[in-house]
Amino acid sequence: MTGTFDITINKIAKSRVAEYDVNNVPFGKCFSDHMFIAEYADGKWQKAHITPYGDTPLSYAMSALHYGQAIFEGMKAYKNDKGEVSLFRPIENFSRLNKSAIRMAMPEVPEEIFMGGLLELLRLDSAWVPSSDSGSLYIRPFIIATDEAIGVKASETYKFIIITCPAGKYYSEPIKVLVETNYFRAVHGGVGFVKAAGNYGRSLYPTKLAQQKGYQQVIWTDSETHQYVEESGTMNLMFVIGDTVLTPALSDTILSGITRDSVLTLAKDWGMKVEERKISIREVLTAHGNGTLKEAFGCGTAATIAQIIGIGFEGKDYDLPPVEERKFSTKVDEVLRSIRKGKVEDKFNWMMKI
Ligand SMILES: Cc1ncc(COP(=O)(O)O)c(C=O)c1O
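Residues numbered from 1 in each chain as written. Predicted model: local features only at pLDDT ≥ 70, side-chain atom pairs only at ≥ 80, totals over all residues. Heavy atoms only, no water.

*Asks:* Even after reading the chapter, I still don't get the overall build of the protein chain, so can you show me in this structure?
*Replies:* Regarding its fold elements, the protein chain presents 8 helices and 18 strands. Taken over the C-alpha trace, the protein chain has a radius of gyration of 21 Å; the compact-globule value for 354 residues is 20 Å, and the two agree within 12%. A fraction of 70% describes how many contacts in the protein chain between residues 6 or more apart in sequence connect residues 24 or more apart. Of the accessible surface of the protein chain, which amounts to about 16,200 Å², a share of 52% is contributed by carbon and sulfur atoms. Looking at the protein chain, you have 41 positive and 43 negative side-chain charges, and the mean spots of the two groups are 2 Å apart. (Helix = DSSP H or I, 4+ residues; strand = E, 2+ residues; numbered from the N terminus. Rg over C-alpha atoms; globule rule 2.2 N^0.38 Å. Contact = heavy atoms within 4.5 Å. Areas by Shrake-Rupley, 256 points an atom, 1.4 Å probe, with all protein chains shown as cover. Lys, Arg positive; Asp, Glu negative; His and termini not counted. Charge placed at Lys NZ, Arg CZ, Asp CG, Glu CD.)

Here you go:
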């Protein structure tokens, strides 16, 4: 038992970490030794435990599988040169998980359970955090509805689980994106602003169609007019036009990305003009035509920055400036990496040591 909320710890008999080169594992397929599980029943969070990572028996009738009451987060821990492990802005993920929970009629997780469980888990599994320059430990906290019951209603039981997996050298190839004007990702009044599992399931078919046409991702547009850009795949979208950093304003159809906020904070700190507003695809292509579109990229926890080098729209492809010329996003990428690896001052207090 440990912390303010009791966590029962059942340690693995022998760590599996020596079986892997954590700096060189395929992403998302190799899981660390332990996982954290808290259980909700009778109107409150009850038992919390850390156990060796592995499968848990769950009912095929459970609500999460049938009615999509499932939400998640994605965050990372980093190891500095001294071997110390820190989390990047974990409280933001905690708050966003609870925002998702409210929207999906699920119970919020108290901070002491989220942070207590996370820190304890990371202390046990710190050997799994890659030390390479671009390496990190990817952390997946999630909540699932576990009632064994067919029938559409909010579940009465839930599990809050955290699993982690090393992300070795993460390098995101520049991507070509297709502006999607048929399908949409989110609608006003819907769940686009939260990390509900169904948002991702519904995105797969349009993405598959775009990939068949030679694009890696789609740019989602608004569901009403398909004229305004919203997000790119599972990333927030940014442009540099002239000397202004532009990004779609947050709304209930856009996920409030923590990387997005970090990029905007850095841009403002560096004295750049920042605009958060509606951006039409026509505006982007006009800027491309007159040579003022300097950069386009997606940003998110997985890749930090994914450079967009081509945009497909209405049957035409537009080639964007070469990545080597993109001063802003290149600097953002480097500075964020340095902050996370403890190589420069953490001016905004983004890092939390475990
Ligand atoms: C739909 C969507 N947009 C944007 C993001 C980027 O958010 P963050 O920077 O917090 O990872 C994510 C990833 O979580 C996402 O799933």
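*Asks:* Would you explain the packing of aromatic side chains in this entry?
*Replies:* For any pair of aromatic rings, the description rests on two quantities: the centre-to-centre distance and the angle between the ring planes. Across all of its chains, the model carries 15 aromatic pairs by this definition. Ring geometry for Phe-94 versus Phe-114: centroids 5.4 Å apart, planes at 55°, classification tilted. One end of the pair, Phe-94, is in helix α2 (residues 90–103); the other, Phe-114, is in helix α3 (residues 111–124), with 20 residues separating them in the sequence. With a relative accessible area of 10%, Phe-94 lands in the buried category. Here the aromatic residues Phe-36, Tyr-40, Trp-45, Phe-94, Phe-114, Tyr-158 and Phe-160 are joined through ring pairs into a cluster of three or more. In this structure, Lys-278 is placed above the aromatic ring of Tyr-228, and the distance from its NZ or CZ to the ring centre is 4.5 Å. (Phe/Tyr/Trp six-rings, centres within 6.5 Å; stacked < 30°, edge-to-face > 60°. Buried < 20%, exposed > 50% of the residue type's maximum accessible area, 1.4 Å probe, protein only. Lys NZ or Arg CZ within 6 Å of the ring centre and 35° of its normal.)

*Asks:* Would you mind going over the site of the ligand with me for this structure?
*Replies:* Lining the immediate environment of the ligand, one finds 15 residues, of which Lys-195, Tyr-200, Glu-231, Thr-259 and Thr-301 sit closest. The backbone of Ile-258 places a nitrogen or oxygen atom 2.8 Å from an oxygen atom of the ligand. Measuring from an oxygen atom of the ligand, one finds a side-chain N or O atom of Thr-301 at 2.6 Å. Expressed as a share of its isolated accessible area of 380 Å², the protein-covered part of the ligand is 95%. When each cavity is represented as a set of grid points, the ligand is found to reside in the largest pocket. (Near = heavy atom within 4 Å. Polar contact = N/O pair within 3.5 Å; in protein donor to acceptor, adjacent residues only side chain to side chain. 1 Å grid on protein atoms, 1.4 Å probe; cavity = no way out; pocket = protein on both sides within 12 Å on 5 of 7 lines; lining within 4 Å. Sits in = over half its atoms within 2 Å of the grid points.)

*Asks:* Would you explain the side chain of His-34 in this entry?
*Replies:* For His-34, the position within the fold is in strand β2 (residues 34–41). Overall, the relative accessible area of 3% leaves His-34 in the buried class. For His-34, the side chain forms a polar contact with the side chain of Asp-125, separated by 2.8 Å.

*Asks:* Explain the side chain of Ser-329 to me, please; I cannot follow it from the model alone.
*Replies:* Mapped onto the secondary structure, Ser-329 falls in helix α8 (residues 327–340). Reaching out from Ser-329, the side chain makes a polar contact with the side chain of Gln-307 at a distance of 2.9 Å.

*Asks:* Help me understand unusual backbone geometry in this model?
*Replies:* Only a minority of non-glycine residues have a phi that is not negative, and only a minority of peptide bonds are not trans. Residue Ala-105 is not a glycine yet carries a positive backbone phi of 55°. Counting through the fold element by element, Ala-105 comes out in the loop between α2 and α3.

*Asks:* Hey, could you run me through α2 in this one?
*Replies:* Every α-helix carries 3.6 residues per turn, so stepping three or four residues along brings you back to the same face. Here α2 is 14 residues long and its end C-alpha atoms lie 20 Å apart, about the 20 Å a rise of 1.5 Å per residue gives. Trailing α2 by a residue or two, Ala-105 shows a phi angle of about 55°, which is positive. (Expected span 1.5 Å × (residues − 1).)

*Asks:* Help me out: how do you make sense of the domain arrangement of the protein chain in this one?
*Replies:* It is common to report an interface's size as the accessible area lost on association of the parts. Structurally, the protein chain comprises domain 1 (8–167) and domain 2 (175–340). A separation of 28 Å is found between the C-alpha centroids of domain 1 and domain 2. The interface is formed by 20 residues belonging to domain 1 together with 20 residues belonging to domain 2. Summing the contributions of domain 1 and of domain 2, the shared interface buries around 1,800 Å²; its carbon and sulfur component is 62%. (Domains from an automatic or database assignment. Buried area = accessible area lost by both parts, 1.4 Å probe.)

*Asks:* In this structure, what is going on with the layout of surface pockets? I would like to understand it.
*Replies:* Any space left empty among the atoms is revealed by the rolling of a water-sized probe across them. Approximately 920 Å³ is the volume found for the largest pocket. Lining of the largest pocket is provided by 42 residues; of these, Tyr-138, Tyr-200, Thr-234, Met-235 and Ala-302 occupy positions nearest its centre. Of all elements in the fold, only β7 (136–145), β8 (158–167), α5 (204–212), β10 (217–221), β11 (229–232), β12 (235–241), α6 (258–269) and β15 (293–300) reach the threshold of two or more residues within the lining of the largest pocket. Looking at which domains feed residues into the lining of the largest pocket, each of domain 1 (8–167) and domain 2 (175–340) gives three or more. (Points joined across faces, edges and corners; volume = space filled by probe spheres on them.)

*Asks:* Looking at this model, I keep getting lost on the packing of α6 against α8. Mind explaining?
*Replies:* At a closest axis distance of 11 Å, the pairing of α6 and α8 adopts a crossing angle of 110°. As far as their axial angle goes, α8 and α6 are roughly perpendicular. Together, Ser-262, Val-263, Leu-266 and Ala-267 of α6 and Phe-328, Val-332, Val-335 and Leu-336 of α8 make up the contact between the two elements. Taken together, the residues that form the contact of α6 with α8 break down as 7 nonpolar, 1 polar and no charged. (Axes fitted to C-alpha atoms, helices over the stretch in contact; angles between N-to-C directions. Parallel < 35°, antiparallel > 145°, perpendicular 65-115°, else oblique. Nonpolar A, V, L, I, M, F, W, Y, C, P; charged D, E, K, R; others polar.)

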